[in-house]
Amino acid sequence: MEVIMYMLSSGRCTRAHLYLLLLIIIALGFHTVEGVWPLPQTVTTSPERYPLNSQAFYFGYGRQSAAKPGCSVLDAAFKRYFSLIFQDYTSGNGPLRFNQNKPFTVEVSVDHDDCLSYPNEDSSERYNLSVSAGKASLNAETVWGAVRGLESFSQLVYQDEYGSYFVNKTEIDDFPRFKFRGILLDTSRHYLPVTAILKTLDAMAYSKFNVFHWHIVDDPSFPYQSSTFPDLSSKGAFHPMTHIYTQSDVRRVISHARLWGIRVIPEFDSPGHTQSWGKGQPDLLTPCYRGSTPSGTFGPVNPVLPSTYQFMTKLFKEVSSVFPDSYIHLGGDEVGFSCWKSNPDVRAFMQKMGFGGNFPKLEAFYMESIVNITSALNKTSIVWQDVFDYHEKIPKDTVLHIWKGTGYKTELSRITKAGMRVVLAAPWYINHIAYGQDWHNSYTVQPLNFSGTDEQKKLVIGGEVAMWGEYVDATNLHPRLWPRASAGAERLWSDEQQTSSVDKAFPRLQDFRCLLVRRGIRAEPLFVGHCKHEYQGI
Amino acid sequence: MTTALRFSLLLLGVSFSRGFLNELFDEEEQTEGVVQASKYGSLWPLPQKVQLSEVSFKLNGVSFKISDAKESTAGPSCSLLQDAYRRYYEYMFGSFKRQEGRKSRRAGPSDVTELQVWITSSESDCDSFPSVASDESYELTVDQPYAVLKAPKVWGALHGLETFSQLVYEDENGAKSINSTTISDFPRFAHRGILLDSSRHFLPIKVLLANLETMAMNKFNVFHWHIVDDPSFPYLSRTFPQLSQQGAYHPYTHVYTPADVKMVIEFGRLRGIRVIPEFDTPGHTQSWGKGQKDLLTPCYSGSEPSGTFGPVNPILNTTYDFMSQFFKEVSTVFPDAYIHLGGDEVDFSCWKSNPDIQKFMKQQGFGQDFTKLESFYIQKLLDIVATTQKGYMIWQEVFDNGVKLKADTVVHVWIGGGANDELAKVTEAGYTTILSAPWYLDYISYAQDWQKYYKVEPLNFNGTDEQKKLVIGGEACLWGEYVDATNLTPRLWPRASAVAERLWSAKEVTDINDAFNRLSVHRCRMVE
């Protein structure tokens, strides 16, 4: 076994002695391996099982691995998963150990040394996991695939009635069905403390989500502290000190996400949904008129002033350097025209441009300018479907985000027919709650069940579970999100044929929910029952 | 009260839409939802009579005292009050260190330096348990240099302390302030409860305690502990330990020991909250059967026992022996004058299938009317419980089926749709009643459903004034199918607060906008 041993924190286990295995083998029924959530593409398990001992359990790098010890992503993952696997582990004084265990090593090999990079839209998350006596081999193309494989491995480990840890002989070959699997959090309608976001990222990794769509600003507040335009948050946040995300907060979120293989895509939605921007940036919003005088209220971003585009250029320049992902979400949804209509300068501009009374053209003009700004920064734009609906001539590499619940299948057909890529969120607005097991709704979505060619279907790059913030803050975010979002996670990761039954999924999801609770995620129950380890907070 | 009828209440899903709110309101009206200041500050539930003046005083966290008035009949020996003083002091000022040598120690001229608590009745109730007849009224005068809280009993004083703490606010400089105020307050209804279900999911003790704490902030005074049901039996009985040994989710980690129960009761008492346990029979008892052989009816399929069990077996003497001993224990463990005996949703199919039961029915001349058998059981049970000197509460079916009830029975109305008719019927028959039907908080829906609970008027049924007096209150129910420690608190609060105000404040307090403004601040206070 040619492995570079990776020693874990406990000082007591530096004596990597090999002892004779003294196992009392008790004839118990075999643990039925309920499996991994989301379900891997192929799994073969056997009743053969191997004991794991926290004192003789190691993660290591395979000899052929391109990533070596010192790889930040994997080193950190080994640490995290050791604690997640051995939940009861407390270093320190144990009793005399009479039975000494054979070591068990999880040997990780990756093809590319991408330890210092960020996950991106093309990152492979494929992995192969083979668990056999004394050893598990985890092979992946990238460290991100390895992180997914470690999650699966951690879910294969279980404890018997005596508390001993076991893992069964298992073979997994796995890859995601969709490469874009996101969660949207809304930090404008309610501020979410950084710790709540970090915890969400942890739970996302447990469900193999890989995109955090950060709807960071909107009408009610502007918590993003811009270094170029500090007034935006000092005047537009709920509170200029306690309810903002500083640059270091943002960096912390991004680096935490990176270690889990999660991309962070910020959304700076305009020209609508921008009331809070106006507080710190005079003249950005359109003054609304009542008759011939300004009414004192403001509408969407003012699209007729050059200063608007100068501001946006600077802001997006900053944003694109702060957020490393190649995508930026530009919003573009739900623009109300009444204020623009009321404003004489806007009307004059419309005339000049030959738009007549067609305000969608004005909106299209604005969005085109914004998309061009971000394109020049080498970013791919994501925009809400509205932008496609009124304006089909946007750059081909723009990604359309479908959110309208009614007719989303038709919209999928239309947009992909035009050759554009889409992310589907419409059926996963889980901020809408209802009595009972509403996770069924998320689970039974068939994202590719729309009329279109195979080529069209390939343009659906994934989906997103949205938790809008009207009624959500740190007090209820986690129980409202988990495990309901996990239902969407399996739909986006797993094979649809193998995961079409909610009845089959139910016991697996129940187990997974208890696993989340055990890991400290306040995941709410699916139905009557209990977990061995209940949530310990209030 | 948990299955069949509940589904008729399901609300229509809200159309999926990103801009749900925007579709409802015009752009002009988007300021809707912005919290405005209420003229009543953040008082919740709103007292019966409030006079708030603009004159503001300061509270000095170092020197401020809550003390017993000289004339008070409850002195330093009343630990209930002393505990409450400390709790509210910490709540208002944090764990303010009494720092030496700070000049701010001396009271300023515009300070309220002391809150004097004056128990006026010769019997303060300090060492007793609250009851349905407890006087909860109080009068509060905030003035300089003393604020005075007068209450006949400690229960009113507890509510008055809560009210006082709600009057305290921070001015622009963060200084604790309070306005000159006169309040005269008492509850509209005597029974203001929260039902929690610790059978469908086990609720750890600290969750129950935290809930009692929040209940006190909302002037709730009854914790209806639906402690056991079909899925599990977490109550550790001294007489029948095998009930939880076999019937709990886990015999050690998912049970309430006698010490746990005691702690809940005392924690409640110190906050003026009664703890009423519910031991629901003859239905909802699957978990009882695991630890108590022959208690449940064996169901038959054809002429063979099917191996499954139905409701409590009403035809065996052993059943009643068991119930006698069991309720004797329960009546000593729980000091409240009432026990909730359930009696809802009895499914007859198993009884029908059982030949012994059929024979018994014939003997008794019940024909095929299984409600008669149910009544037969309940009647015997009520007689048993009556011998323990306890009063009882029962779900409405027991009344509907014509069981003979003691005059002081409380009928619990839970079936939605027709609740008003039921209230009319129950009160016409002369029984006291409490209402839960419109307040099943386990039913969730998108958006501000607290408004729905707030708008309920409990006395909106046809009946005489005498009948209306028989409605002694209501309960907000949080059944446990989808609730455990992970989501209980955010699901219950502040939605239950809407019910709290309906049950405490005057009937005329119905301004939903003012309620929104006060409730928004009250929520932030609860979050802290």
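The rules we used
Residues numbered from 1 in each chain as written. Chains lettered and ligands numbered in written order. Predicted model: local features only at pLDDT ≥ 70, side-chain atom pairs only at ≥ 80, totals over all residues. Heavy atoms only, no water. UniProt positions renumbered as here; feature names shortened; annotations may be inferred. Helix = DSSP H or I, 4+ residues; strand = E, 2+ residues; numbered from the N terminus. Axes fitted to C-alpha atoms, helices over the stretch in contact; angles between N-to-C directions. Parallel < 35°, antiparallel > 145°, perpendicular 65-115°, else oblique. Contact = heavy atoms within 4.5 Å. Nonpolar A, V, L, I, M, F, W, Y, C, P; charged D, E, K, R; others polar. Core = buried A, V, L, I, M, F, W, Y, C linked by side-chain atoms within 4.5 Å. Buried < 20%, exposed > 50% of the residue type's maximum accessible area, 1.4 Å probe, protein only. Salt bridge = Lys/Arg side-chain N within 4 Å of Asp/Glu carboxyl O. Polar contact = N/O pair within 3.5 Å; in protein donor to acceptor, adjacent residues only side chain to side chain. Phe/Tyr/Trp six-rings, centres within 6.5 Å; stacked < 30°, edge-to-face > 60°. Expected span 1.5 Å × (residues − 1).

**A closer look at the UniProt feature "domain: Glycoside hydrolase family 20 catalytic" (unreviewed entry) in chain B**
Here comes step 1: Under the UniProt annotation, "domain: Glycoside hydrolase family 20 catalytic" (unreviewed entry) lies at residues 189-506 of chain B.
Here comes step 2: Taken end to end, residues 189-506 of chain B has its terminal C-alpha atoms 10 Å apart, with 40% of it in helix and 19% in strand.

**Focus on the packing of helix α4 (residues 205-217) of chain B against helix α6 (residues 258-269) of chain B**
All names here are of chain B.
Here comes step 1: In the contact formed by α4 and α6, the axes pass within 10 Å of each other and the chain directions differ by 10°. Regarding the angle of α4 to α6, the classification is roughly parallel. Two secondary-structure elements touch here, α4 through I205, L208, L209, L212 and E213 and α6 through D260, M263, V264, F267 and G268.
Here comes step 2: Residues of the contact of α4 with α6, tallied by class, amount to seven nonpolar, one polar and two charged.

**Remarks on the nonpolar core**
Here comes step 1: If you look at the biggest cluster of nonpolar residues, it comprises 266 residues, and the most contacted ones within it are A:F153, A:F268, A:W482, B:F279 and B:F326.
Here comes step 2: Setting aside residues no more than four positions away along its own chain, A:W482 makes contact with A:I183, A:T200, A:A203, A:M204, A:S207, A:F209, A:L516, A:I521, A:R522, A:A523 and A:E524.

**Remarks on the interface of chain A and chain B**
By a widely used convention, the size of an interface equals the accessible area lost when the partners come together.
Here comes step 1: Contact with chain A, which involves 52 residues of that partner, is made by 42 residues of chain B.
Here comes step 2: At the surface where chain A touches chain B, the tally comes to three salt bridges.
Here comes step 3: With a shortest N-O distance of 2.8 Å, A:D473 and B:R523 are connected by a salt bridge.
Here comes step 4: Across the chain A-chain B interface, the total number found is 15 residue pairs in polar contact (both at pLDDT 80 or more).
Here comes step 5: Looking at the side of chain A that touches chain B, its residues break down into 22 nonpolar, 15 polar and 15 charged.

**Some points on the pattern of salt bridges**
Once their charged atoms are close, side chains differing in charge can pair, the charge on each being opposite to the other.
Residues and elements named next belong to chain B.
Here comes step 1: Counted by the stated rule, this structure contains 38 salt bridges over all chains.
Here comes step 2: Residue K58 is joined to D171 by a salt bridge in which the shortest nitrogen-to-oxygen separation is 3.4 Å. Here D171 lies in the loop between β6 (169-170) and β7 (176-185) and K58 lies in strand β1 (residues 49-58), a separation of 113 residues in the sequence.
Here comes step 3: Residue class for D171 comes out buried when judged on its relative accessible area of 16%.

**Describing the UniProt feature "active site" (unreviewed entry) in chain B**
Residues and elements named next belong to chain B.
Here comes step 1: In this structure's numbering, the residues bearing the UniProt feature "active site" (unreviewed entry) are E345.
Here comes step 2: With respect to the helices and strands, the residue E345 is situated in the loop between β13 (338-342) and α9 (349-353).
Here comes step 3: Reaching out from E345, the side chain makes a polar contact with the side chain of H284 at a distance of 2.8 Å.

**Re the packing of aromatic side chains**
All names here are of chain B.
Here comes step 1: Applying the stated criterion across every chain yields a total of 77 aromatic pairs over all chains.
Here comes step 2: When the centroid spacing of 4.6 Å and the interplanar angle of 55° are considered together, the rings of F240 and F322 count as tilted. With a gap of 82 residues between them, F240 in the loop between β9 (222-226) and α5 (242-247) and F322 in helix α8 (residues 317-333) connect regions that are remote in the sequence.
Here comes step 3: Classification of F240 as buried rests on a relative accessible area of 9%.

**Looking at α4(B)**
Residues and elements named next belong to chain B.
Here comes step 1: Along its 13 residues, α4 runs 19 Å from first to last C-alpha, staying within 8% of the 18 Å computed at 1.5 Å per residue.
Here comes step 2: Burial analysis of α4 places 10 of its 13 residues in the buried class, the great majority of the element.
Here comes step 3: All of the buried residues in α4 are I205, V207, L208, L209, N211, L212, T214, M215, A216 and M217.
Here comes step 4: After α4 finishes, the residue K219 shows a positive phi value of roughly 60°.

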